[in-house]
Amino acid sequence: MLRLIHTADWHLGQSFHGQERHEEHRAFLSWLLETLVEREADALLVAGDIFDVVNPSLRAQELLFDFIVGAHERLPGLDIVLIAGNHDSGNRIELPAPLMQRLRTHARGRVRWLDDGRLDAERLLVPLTDAAGETRAWCLALPFLRPAEVTGQMARDDETGNSEDAPNDYVAGINRVHRELIDAARERRDDGQALVAMSHAHLHGAAVSEASERPIVIGGEESISAALFPDDIAYVALGHLHRAQRVGEARIRYSGSPLPLDFSELNYAHQVVEATLDGERLAGVESLPVPRPVAMHRLGPAPLDAVLAELEALELDADLPRERWPWLELRVELEAPMPDLRARVDAALEGKPLRLLRLERRLPKVAAEHAPERVDLETLGPRRLFERTWQGRWGEPPDDDILADFDRLRQDVLDAGEEDSA
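Residues numbered from 1 in each chain as written. Predicted model: local features only at pLDDT ≥ 70, side-chain atom pairs only at ≥ 80, totals over all residues. Heavy atoms only, no water.

Asks: Could you clarify how one ought to interpret the sheet that holds strand 15 (residues 296-303) in this entry?
Replies: Strand pairing within a sheet occurs via backbone hydrogen bonds; the two strands may be parallel or antiparallel. Pairing is parallel across the open sheet formed by three strands, whose spatial order is 15-16-17. Among the strands making up the open sheet, the edge pair consists of strand 15 and strand 17 (355-362). With strand direction ignored, the average angle separating the axes of adjacent strands in the sheet is 10°. Across the sheet, helix 8 (residues 341-349) lies against strand 16 (327-333) and strand 17, angled at about 145° from strand 17, the strand it touches most. (Pairing = 2+ DSSP bridges. Helix = DSSP H or I, 4+ residues; strand = E, 2+ residues; numbered from the N terminus. Axes fitted to C-alpha atoms, helices over the stretch in contact; angles between N-to-C directions. Contact = heavy atoms within 4.5 Å.)

Asks: Explain the pairing of strand 9 (residues 194-200) to me, please; I cannot follow it from the model alone.
Replies: Strand residues, when the strand is regular, have side chains that alternate between the two faces of the sheet. In terms of burial, strand 9 is largely enclosed, as seven of its seven residues are buried. When strand 8 (residues 135-142) meets strand 9, the two strands line up parallel, connected through six bridges. Along strand 9, the bridge assignment pairs Ala 141 with Met 198. Relative to strand 10 (residues 235-239), strand 9 runs parallel, the two sharing five bridges. Across the sheet, the residue bridging to Val 196 is Tyr 235, located in strand 10. (Buried < 20%, exposed > 50% of the residue type's maximum accessible area, 1.4 Å probe, protein only.)

Asks: It is not clear to me how the packing of helix 1 (residues 22-38) against helix 2 (residues 58-74) should be interpreted in this structure. Could you clarify?
Replies: How two helices pack is summed up by the angle between their axes together with the distance between the axes. Two numbers describe how helix 1 lies on helix 2: the axes approach to 10 Å, and their chain directions differ by 15°. One element, helix 1, and the other, helix 2, form an angle in the roughly parallel class. Two packed elements cross with a definite hand, and for helix 1 against helix 2 that hand is right-handed. Across the interface between the two elements, His 22, His 25, Arg 26, Leu 29, Leu 32, Leu 33, Glu 34, Leu 36 and Val 37 of helix 1 pack against Arg 59, Ala 60, Leu 63, Phe 67, Gly 70, Ala 71 and Arg 74 of helix 2. Per-class residue counts for the contact of helix 1 with helix 2 are nine nonpolar, three polar and four charged. (Parallel < 35°, antiparallel > 145°, perpendicular 65-115°, else oblique. Left-handed = near helix turned anticlockwise from the far one by under 90°. Nonpolar A, V, L, I, M, F, W, Y, C, P; charged D, E, K, R; others polar.)

Asks: Looking at this model, I keep getting lost on the packing of aromatic side chains. Mind explaining?
Replies: Two aromatic rings, taken as a pair, are described by how far apart their centres are and by the angle between their planes. Summed over the entire model, instances satisfying the criterion amount to seven aromatic pairs. By way of ring pairs, the aromatic residues Trp 10, Phe 28, Trp 31 and Phe 67 are connected into one cluster. Directly above the ring of Phe 16 sits Arg 21, whose terminal nitrogen or CZ lies 4.3 Å from the centroid. In this arrangement the basic side chain of Arg 355 is found over the ring face of Trp 327, its NZ or CZ atom lying 3.7 Å from the centre. (Phe/Tyr/Trp six-rings, centres within 6.5 Å; stacked < 30°, edge-to-face > 60°. Lys NZ or Arg CZ within 6 Å of the ring centre and 35° of its normal.)

Asks: Would you mind going over the nonpolar core with me for this structure?
Replies: The tendency in soluble globular proteins is for nonpolar side chains to be buried side by side. Counting residues in each nonpolar core, the largest one holds 33 residues, and the members touching the most others are Leu 119, Leu 140, Leu 145, Leu 181, Leu 203 and Leu 238. Going through the elements one at a time, strand 8, helix 6 (170-188), strand 9, strand 10 and strand 12 (249-254) are the ones with two or more residues in this core. Element by element, the count of residues in this core is highest for helix 6, at six residues. Not counting residues up to four positions away in its chain, the partners in contact with Leu 119 are Val 111, Arg 112, Trp 113, Leu 114, Leu 124, Val 177, Glu 180 and Leu 181. One finds Ile 5, Trp 31, Ala 60 and Leu 63 within the second-largest nonpolar core, a separate group that totals 31 residues. (Core = buried A, V, L, I, M, F, W, Y, C linked by side-chain atoms within 4.5 Å.)

Asks: Mind showing me how you'd approach the pairing of strand 1 (residues 2-7) here?
Replies: The buried count for strand 1 comes to five of six residues, which makes it a mostly enclosed element. Sheet topology places strand 1 next to strand 13 (residues 271-278); five bridges connect them, and they run antiparallel. Bridge pairing in strand 13 links Arg 3 to Thr 276. With four bridges connecting them, strand 1 and strand 4 (residues 43-47) associate as parallel partners. Among the inter-strand pairings, Ile 5 is bridged to a residue of strand 4, identified as Leu 44.

Asks: Hey, could you run me through empty space enclosed by the protein in this one?
Replies: Unoccupied space between atoms shows up once a probe the size of one water molecule is rolled over them. This structure, assessed with the given rule, holds two cavities of 30 Å³ or more. When its volume is computed, the second largest cavity comes out at roughly 50 Å³. Listed by contribution, the elements that provide at least two residues to the lining of the second largest cavity are strand 8, helix 6 and strand 9. At three residues, helix 6 tops the list of elements feeding residues into the lining of the second largest cavity. Its residues placed into classes, the lining of the second largest cavity shows seven nonpolar, one polar and no charged. (1 Å grid on protein atoms, 1.4 Å probe; cavity = no way out; pocket = protein on both sides within 12 Å on 5 of 7 lines; lining within 4 Å. Points joined across faces, edges and corners; volume = space filled by probe spheres on them.)

Asks: Sorry if this is basic, but what is going on with helix 7 (residues 304-313) here?
Replies: Note on helix geometry: an α-helix contains 3.6 residues per turn, so any two residues three or four positions apart are oriented the same way. When we look at burial in helix 7, the residues that qualify are Leu 304, Val 307, Leu 308 and Leu 311. Buried residues of helix 7 fall within an arc of 95° about the axis and therefore sit on the same side. Exposed residues on helix 7 whose side chains face more than 90 degrees from its buried face are Asp 305 and Ala 313. (Arc of directions from axis to C-beta.)

Asks: Help me understand the packing of helix 7 against helix 8 in this model?
Replies: Interhelical geometry of helix 7 versus helix 8 gives an angle of 20° and a closest axis separation of 11 Å. When the axes of helix 7 and helix 8 are compared, the pair comes out roughly parallel. Considering how the two elements wind past one another, helix 7 and helix 8 form a crossing that is right-handed. Across from Leu 304, Asp 305, Leu 308, Leu 311 and Glu 312 in helix 7, the residues of helix 8 making contact are Leu 341, Arg 344, Val 345, Ala 348 and Leu 349. Within the contact of helix 7 with helix 8, the residues separate by chemical class into seven nonpolar, no polar and three charged.

Asks: What am I meant to see in the environment of Gly 18 here?
Replies: Here Gly 18 lies in the loop between strand 2 (15-16) and strand 3 (19-20). Residues Gly 18 and Leu 357, 339 residues apart in the sequence, show an inter-C-alpha distance of 8.2 Å.

Asks: What is the right way to read helix 2 from this model?
Replies: Compared with the 24 Å implied by 1.5 Å per residue over 17 residues, the 24 Å span of helix 2 between its first and last C-alpha is a close match. Those residues of helix 2 that sit buried are Ala 60, Gln 61, Leu 63, Leu 64, Phe 67, Ile 68, Gly 70 and Ala 71. Packed against the buried residues of helix 2 are helix 1, strand 4, strand 5 (79-83), helix 3 (90-94), helix 4 (97-101) and strand 6 (105-108). (Expected span 1.5 Å × (residues − 1).)

As structure tokens, this is what we get:
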């Protein structure tokens, strides 16, 4: 039997409406370490988005490295496998890999290609061992695949006649990488050894969060099929979507984020997943709820008096240290602008152990023909803004070729920014 703990989307270093969350992340990692010890885990799989940004703060990196060292001290035989997500810099994740490997931690940030055009699958296959040191499974550690990593290679293969897929097709490139990696894993394993796939991707049919997830690839072309993972893959550990869920089968799962990353995730069942393997097959799956180190309250939407009444009804602990005070979002419905709204809210919060992060004002909707158009740039996003600007300039929406050019250009800019910061 081999016991795995699957987690993802830590987003260490996240700025939550301008506030740091180091204490929350530290509390989660402490809980995770104790859970690994208590469950006598053989391996920990972290399926991407370890950090919140490609250039994380020193404090965020310190949280990760302190955890790895502590885990190795407490569980010297524990295998840890980390992959980069779309929020991570693949280069940064791999930079300390030689040192981390001495702590039985394997970091994979990017895919590589051999001179003959084949995927360098060998470096993505990580052995998972039991308490006796015997290899019981192979982890197919596949980091987030950026378009330039797969479409460029497909184009080169197409020029030499080595590719059966259309060049510059992102999803076809993802499919090819999965096929080649799974084929290599099948050749590598011995009888009785399981295959465990780990990927940072968006699968068809999976439920996304209301507000906190950015599109994994610009243009929305990232969604892939669960059929990529054939039946001989005993367990699929996924990252990217913050809502914990299975995708079709019990063996294909998103662990979800361990902490709410937005107030819209307040009521999610935040967890890690324990998967138990018996030989080549999945023996069982158990969800392990993650304690919430800092409470979150989302009040409204309602008129101000009702919101303030909800606020007064909250049960609060005045003895909590300030770094453990609950986060608060208020959504107030107004019939007309209220210039002193913030002052009235601040007065109601006086002396309460709460940290107000967001005060949302909701005014009545005005008929469209009489109302100036208001644009929320954060919600709209660069692609939709480009579409609206093009429509306004030329009187018609951009066609698919124009949008594809825009998507490629923006992805190139993002990738160049990541390389500069790495």
